[in-house]
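# Residue-level structural notes
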Number of protein chains: 2
Amino acid sequence: MSKAPTLAIDAMGGDFGPPVVFEAAERARIRHPDLKLLIYGREPQMREQLARFARLAEVSTLIHTQDVVLGTDKPSQALRRARSSSMGMAIQAVKDGQAQAALSAGNTGALMAMAKFMLRTKPGIDRPALASLFPTLRAESIMLDLGANVECGPRNLVEFAIMGAAFARTVLGLERPRVALLNIGVEELKGTEQLKEAAAILRQQAFAFEFVGFTEGDKITSGEIDVIVSDGFTGNVALKAAEGTARLIAGLMGEAFRQTLWSRLGYLFARTSLRALRDHLNPNNHNGAVFLGLNGLVVKSHGSANVDGFATAIGMCRDLIVDGTLERIGEEVARHPLPEAITEAAGVAAPVIAQ
Amino acid sequence: MSKAPTLAIDAMGGDFGPPVVFEAAERARIRHPDLKLLIYGREPQMREQLARFARLAEVSTLIHTQDVVLGTDKPSQALRRARSSSMGMAIQAVKDGQAQAALSAGNTGALMAMAKFMLRTKPGIDRPALASLFPTLRAESIMLDLGANVECGPRNLVEFAIMGAAFARTVLGLERPRVALLNIGVEELKGTEQLKEAAAILRQQAFAFEFVGFTEGDKITSGEIDVIVSDGFTGNVALKAAEGTARLIAGLMGEAFRQTLWSRLGYLFARTSLRALRDHLNPNNHNGAVFLGLNGLVVKSHGSANVDGFATAIGMCRDLIVDGTLERIGEEVARHPLPEAITEAAGVAAPVIAQ
């Protein structure tokens, strides 16, 4: 990539808005001096924030937008503000080639609908997918699709495997990631027809990753697999089941430590060591769900991301741009004969995730 | 129920076999003096165990069986030993009316295949489902299907709702459980056609439970919903994703407490309080996955269940028998007009769960 990596940021999304976005941008600027930023939002608020960081102003361009997509907006409502909102205009910058990626902490359904509608899927790819990092016992794994598609055919699953592997190469630094299809058993006969057909294709052809076959839900967090591939319905349920379980345990653990004077004391003693646990499970350290397979990268930050989390997402966008992840996906898809797309009707079909 | 509740137990299943089974049976006998037991397995081993508990011998009948279903047996292999194995003969006792429920800690796939093949689905019910308890932030919830069916139609999901609600009335003691369909969003337009159709039926008719609509994966453990209904593929993935997450956090927590002298000390101080957390998450305290919808009850204990866990499962079986849970399900299904069954071909179709 010869020209400077350029990222379009929606400054108005998320629970905290411009103050978090600009502080995170300043942090990312220090880490990645090559990065240029186009920042979209309400100009007065943005000016005020940018005034805090003189050096950031040198690599940033502020673009005033009238509208903001609300967290409560339905995708259809948001689409009407595609040309006037900070979210829509950030995606438009990618479409126009001014930026190579767009980042927003706003409404996920709206972001996916807009991204799909405005950028369209890459030639050769039937459907995009939402991919994200998961903490594991060893380091991190990647799972996709987390909810961009309700139902998927074998072709889609193979595409997701290719896209997830390319993502893993960039963000996990793995030359040959281990990729598996999420199923209800590891035996070849298990699961749906779609899964069996996808597995057959992945076994027969030589991909730029290691296909290890089927895997089960408990392997998402075990660290044995790098990329876990599923349809968007299953992936979304698995993601939320994992989140719910983490919340359950955190809640019970908080209660336990508060229970007696002894347990409070115990917490004080163990606090520093427990911090590593909290850090590893902290969504801010794995922030950035990437919408892959479109003509341009669109990344969703957690709505509740703090400065660390949003800076992580900016860094991820920059790495994906510099590594040419999208181009790699295009090349890998072009190299492989895949079965027919199961639907063209996908279009702006209801994206489903809501983080 | 006029005659004494009678349970058929496979003594040879699970990681620990007869020693755990008989000690658990003794404990259950003390709690439930009305219970009669038929215990199947290798007679010499069983005699040796029963000799430890004189009073248990009074309510137990031992039946010698030649064969044992192995954990590694495929369902098709196990089926060939339906008439000679401890697992198969326990189910046969239910079929013959000698017992009202069968309990095994053995191979899940084999148990489901045998139960389906030998007992067949109850008249009016298209497909059985595997249901289990989950710990939540408040108490416990029930989820089904956990893997008896790969794909489900709207009729199946409605049947699962009825069966799960009847299970909840018995084991959670709820008069009007809150039942929801597992989906990727709560809005009516979300999800697959099957889910939307099932929701329409559940909204239109008056059931003996409260249908609260769609729910998401993080609600399995939140305690806001009592019964979470899904197809067996999704339920199985969600169950294992939750298990994997719990294992991840437990692993990280163990590391954290071992890290420094301070954290070891902290653990000592907080140990008693942390025990409540461990107890609530301990699978032994929620043991017993029930295979519902057949002509007789079949319950699967965790293979790793200890005496507490197996005694819990025996108690659950007894309660389900005494409450007439199966009869309630039959009555409730008969009261409701449901759409056509999507397949008769299900038969002994590959059951999928492996605990």
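The rules we used
- Residues numbered from 1 in each chain as written.
- Chains lettered and ligands numbered in written order.
- Predicted model: local features only at pLDDT ≥ 70, side-chain atom pairs only at ≥ 80, totals over all residues.
- Heavy atoms only, no water.
- Helix = DSSP H or I, 4+ residues; strand = E, 2+ residues; numbered from the N terminus.
- Rg over C-alpha atoms; globule rule 2.2 N^0.38 Å.
- Buried < 20%, exposed > 50% of the residue type's maximum accessible area, 1.4 Å probe, protein only.
- Contact = heavy atoms within 4.5 Å.
- Areas by Shrake-Rupley, 256 points an atom, 1.4 Å probe, with all protein chains shown as cover.
- Lys, Arg positive; Asp, Glu negative; His and termini not counted.
- Charge placed at Lys NZ, Arg CZ, Asp CG, Glu CD.
- Axes fitted to C-alpha atoms, helices over the stretch in contact; angles between N-to-C directions.
- Parallel < 35°, antiparallel > 145°, perpendicular 65-115°, else oblique.
- Left-handed = near helix turned anticlockwise from the far one by under 90°.
- Nonpolar A, V, L, I, M, F, W, Y, C, P; charged D, E, K, R; others polar.
- Patch = residues over 30% accessible without salt bridge, like charges linked within 9 Å, V, L, I, M, F, W, Y side chains within 5 Å.
- Salt bridge = Lys/Arg side-chain N within 4 Å of Asp/Glu carboxyl O.
- Expected span 1.5 Å × (residues − 1).
- Arc of directions from axis to C-beta.
- Least-squares fit on C-alpha atoms with pLDDT ≥ 70 in both.
- Phe/Tyr/Trp six-rings, centres within 6.5 Å; stacked < 30°, edge-to-face > 60°.
- Pairing = 2+ DSSP bridges.
- Buried area = accessible area lost by both parts, 1.4 Å probe.
- Polar contact = N/O pair within 3.5 Å; in protein donor to acceptor, adjacent residues only side chain to side chain.

Helix and strand content of chain A: 12 helices and 11 strands. Taken against the 2.2 N^0.38 rule, which gives 20 Å for 355 residues, the C-alpha radius of gyration of chain A at 20 Å falls within 12% of a compact globule. Among the 355 residues that make up chain A, the fraction classed as buried is 61%. Once local pairs closer than 6 in sequence are excluded, the contacts in chain A between residues at least 24 apart make up 75%. Surface accessibility of chain A: about 13600 Å² in total, with carbon and sulfur atoms responsible for 51%. Computed over 38 positive and 38 negative side-chain charges, the inter-centroid distance for chain A is 5 Å.

With that settled, the discussion passes to the packing of helix α1 (residues 18-31) of chain A against helix α2 (residues 43-50) of chain A. All names here are of chain A. α2 packs onto α1 with a crossing angle of 40° between their chain directions and a minimal axis gap of 9 Å. Put simply, α1 runs oblique to α2. Along this stretch, α1 crosses α2, giving a crossing that reads as right-handed. Packed against α1, whose contacting residues are Pro-18, Pro-19 and Phe-22, the element α2 presents Gln-45, Met-46, Gln-49 and Leu-50 at the interface. Across the contact of α1 with α2, the residue classes break down as 5 nonpolar, 2 polar and no charged.

A grouping of Trp262(A), Leu265(A) and Leu268(A) is seen on the molecular surface, where their side chains present a nonpolar patch of about 310 Å² in accessible area. Along the chain, Leu268(A) falls in helix α10 (residues 261-281).

Take helix α8 (residues 193-204) of chain B next. The first and last C-alpha atoms of α8(B) sit 17 Å apart over 12 residues, in line with the 16 Å expected at 1.5 Å per residue. Looking at α8(B), one finds that the buried residues are Leu195(B), Ala198(B), Ala199(B), Ile201(B) and Leu202(B). Viewed along the axis of α8(B), the buried residues span an arc of 160°, placing them on a single side of the element. Looking at the buried positions of α8(B), the neighbouring elements they touch are α9 (232-258) of chain A together with α7 (154-171), β7 (178-182) and β8 (210-215) of chain B.

A word on the relation of the copies chain B and chain A. Superposing chain B onto chain A takes a rotation of 180° plus a shift of 0.0 Å along the axis, which leaves an RMSD of 0.0 Å. What the superposition gives is, in effect, a two-fold axis relating one chain to the other. Closest approach to the rotation axis among the C-alpha atoms of chain B is made by Gly266(B), whose C-alpha sits 1.8 Å away. Comparing interface residues between copies, 100% of those in chain B also lie at the interface in chain A; the contact surface is shared.

Glancing now at the packing of aromatic side chains. In this structure the tally under the stated criterion is 8 aromatic pairs over all chains. Taken together, a centroid distance of 5.1 Å and an interplanar angle of 55° make the contact between Phe257(A) and Tyr267(A) tilted. Taken as a pair, Phe257(A) in helix α9 and Tyr267(A) in helix α10 lie far apart in primary sequence, 10 residues in all. On the basis of relative accessible area, Phe257(A) is assigned to the buried category, the value being 8%. Aromatic side chains Phe269(A) and Phe269(B) sit 5.5 Å apart centroid to centroid with 25° between the ring planes, which places their arrangement in the stacked category. In this pair, Phe269(A) sits in helix α10 while Phe269(B) sits in helix α10 (residues 261-281), so the two residues belong to two different chains. Among the aromatic residues, ring-to-ring pairing joins Phe257(A), Tyr267(A), Phe257(B) and Tyr267(B) into one connected group.

We now examine the sheet that holds strand β9 (residues 227-229) of chain B. Residues and elements named next belong to chain B. Strand order in the open sheet formed by 11 strands is β3-β2-β1-β4-β11-β10-β5-β6-β9-β7-β8, and the pairing between neighbours is mixed. Pairing within the sheet leaves two strands with one partner each, and these edge strands are β3 (60-64) and β8. Averaged over neighbouring strand pairs, the angle between their axes works out to 25° when direction is ignored. Sheet analysis places strand β5 (residues 129-135) next to strand β10 (residues 289-292), joined by 3 bridges and oriented antiparallel. Of the residues in β10, the one forming a bridge with Ala-129 is Leu-292. Strands in contact with helix α6 (residues 108-119) are β4 (101-104), β5, β10 and β11 (297-300); relative to β11, the strand with the most contacts, it is inclined by about 180°. Strands in contact with α7 are β5, β6 (140-144), β7, β9 and β10; relative to β6, the strand with the most contacts, it is inclined by about 150°.

Quick look at the interface of chain B and chain A now. At the interface, 52 residues of chain B touch 52 residues of chain A. With both chains or domains summed, chain B and chain A bury close to 4700 Å², and 75% of this area falls on carbon and sulfur atoms. Per-residue buried area on chain B facing chain A is highest for Ile184(B), Phe233(B) and Phe269(B); these three make up 15% of the total on that side. Across the pair Arg247(A) and Asp218(B) runs a salt bridge whose closest N-O atoms are separated by 3.4 Å. Linking chain B with chain A are 12 residue pairs in polar contact (both at pLDDT 80 or more), by the criterion used here. Those elements that provide at least two residues to the side of chain B that touches chain A are α9 (232-258) and α10 of chain B. Residue contributions to the side of chain B that touches chain A peak at 20 residues, all from α9(B). In terms of residue class, the side of chain B that touches chain A is made up of 28 nonpolar, 18 polar and 6 charged.

Here we take up unusual backbone geometry. Residues and elements named next belong to chain A. Cis geometry marks the peptide bond from Leu-144 to Asp-145, where omega comes out at -5°. With respect to the helices and strands, the residue Asp-145 is situated in the loop between β6 (140-144) and α7 (154-171). Despite not being glycine, Arg-120 shows a phi value in the positive range, around 60°. Mapped onto the elements, Arg-120 comes out in the loop between α6 (108-119) and β5 (129-135). In this structure Arg-120 comes out as partly exposed when scored by relative accessible area, which is 44%.

Residues and elements named next belong to chain A. Taken together, the 11 strands give an open sheet; going across it, the order is β3-β2-β1-β4-β11-β10-β5-β6-β9-β7-β8, and neighbouring strands pair in mixed fashion. The sheet terminates laterally at β3 (60-64) and β8 (210-215), the two strands that pair on one side only. With strand direction ignored, the average angle separating the axes of adjacent strands in the sheet is 25°. The pairing of strand β1 (residues 6-10) with strand β2 (residues 36-41) spans 5 bridges and is classified as parallel. Bridging across to β2, Ala-8 finds its partner in Leu-38.

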